[in-house]
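Spelled out, the chains give:
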Amino acid sequence: MKKKLKVGLVGASGRMGQEIAEILKTKNNFELHLAVCRQASLAEFAYTRQTPSCPEAKEVDVWIDFSSPEGLGKLLSVATKNQTPVVSGTTGLSSADQAALKKASAKIPVLWASNMSLGVAVVMEALEVFSRIRQFDFQIEEFHHNRKKDKPSGTAKSLQEKLEKVVGRELPEPLSIRGGGIFGVHKVHAMAEEEHIVFEHMALNRAVFARGAVEAAQWLCSKKKGFYSMRDVLYNEG
Ligand code: NAD
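Note that this is a predicted model, so its numbers are computed, not measured.

## Focus: the sheet that holds strand S2 (residues 30-36)
- Across the sheet, seven strands lie side by side as S3-S2-S1-S4-S5-S6-S11; this open sheet has parallel pairing. Among the strands making up the open sheet, the edge pair consists of strand S3 (47-49) and strand S11 (226-228). Mean inter-strand twist for the sheet, computed between neighbouring axes without regard to direction, equals 20°.
- Bridge count for S2 against S3 is three bridges, and the pairing is parallel. Paired with Val36 across the bridge in S3 is Arg49.
- Where helix H2 (residues 69-82) meets the sheet, it contacts strand S1 (5-10), strand S4 (62-65) and strand S5 (86-88), and its direction lies at approximately 170° from that of S4.

Here it is, written out as structure tokens:
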């Protein structure tokens, strides 16, 4: 029988962590091994720890992180030391946090995405078409649940970065709306005097991000050190 990949899950008691734990249970090539979160114990894991700097970290084959910038920072030093790949969807990262991700990727495989859904990876690609109408007015708009900590969302920032590259100028800041239980809606408006185009992505549940993260973890395990995105998972089958 093929050896199962041991997963270390950082943020295991959180909204995303719980979704990922559920998906991992349905996969026979993965094993939930180590849970890292601020909670003292989570029965379903072999080990629950409050920090990734623990002896069991050495046994982890791949990390999945949905925690906080602080949680990700601690994880990167442990994963780099143990040469373990890291998939992270944590948002609200400062430029120093982003530099730490890039630095780690010089030693281990790192995949970070502000949005783990394959749909958003496709929308990101679709933005290229706006190079033909770069004179239009553009505005990104995002909606999320009222517990979301960062604003604008990591996805809105990634879309904005890409769109500014495509149209070759700075654009107005994304608009952020917080309310209810919305999993995540992102809209890209392109507006002219006589027409209005809207690209819209709507996450229908939280599992879509969790499924993407597990797919990314499987993909990343066979990769060399480097910095990867969901675009790589989409287009680079290997
Ligand atoms: P949450 O607050 O429900 O859960 C956070 C979890 O992280 C908890 O288990 C908490 O104990 C743990 N944690 C935080 N800091 C820690 C630390 N320093 N040490 C140990 N454990 C720590 O949050 P959530 O809604 O699950 O979201 C988590 C992150 O994922 C956020 O940054 C969010 O924006 C992001 N997110 C990304 C995507 C994506 O597709 N990339 C999708 C949804 C959420």
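## Details of the nonpolar core
- Within the largest apolar cluster, 34 residues are counted, with the highest numbers of intra-cluster contacts made by Ile20, Phe30, Ile64, Val87, Leu111, Met116 and Met230.
- Mapped onto this core, the elements with two or more residues apiece are S1, helix H1 (15-25), S2, S4, helix H6 (207-220) and helix H7 (230-235).
- Ranked by residues supplied to this core, first place goes to H6 with nine residues.
- What Met230 contacts, discounting residues up to four positions off in sequence, is Leu111, Ala113, Asn115, Met116, Leu118, Ala121, Gly212 and Ala216.
- Core analysis: the next-biggest nonpolar cluster, separate from the first, contains 19 residues, Val10, Leu34, Leu75 and Leu101 among them.

## Notes on the sheet that holds strand S7 (residues 137-144)
- Spatially, four strands are ordered S8-S7-S9-S10 in an open sheet, and the strand pairing comes out mixed. The two strands at the open ends of the sheet, each matched to only one other strand, are strand S8 (175-178) and strand S10 (196-202). The average undirected angle you get between the axes of adjacent strands in this sheet is 15°.
- Note: strand S9 (residues 185-191) against S10, seven bridges, orientation antiparallel. Residue pairing across strands places Val185 opposite Met202, the latter belonging to S10.
- Its contacts with the sheet put helix H5 (residues 154-167) on S7 and S9, and the angle it makes with S7 is roughly 170°.

What counts, and at which threshold
Residues numbered from 1 in each chain as written. Predicted model: local features only at pLDDT ≥ 70, side-chain atom pairs only at ≥ 80, totals over all residues. Heavy atoms only, no water. Pairing = 2+ DSSP bridges. Helix = DSSP H or I, 4+ residues; strand = E, 2+ residues; numbered from the N terminus. Axes fitted to C-alpha atoms, helices over the stretch in contact; angles between N-to-C directions. Contact = heavy atoms within 4.5 Å. Core = buried A, V, L, I, M, F, W, Y, C linked by side-chain atoms within 4.5 Å. Buried < 20%, exposed > 50% of the residue type's maximum accessible area, 1.4 Å probe, protein only.

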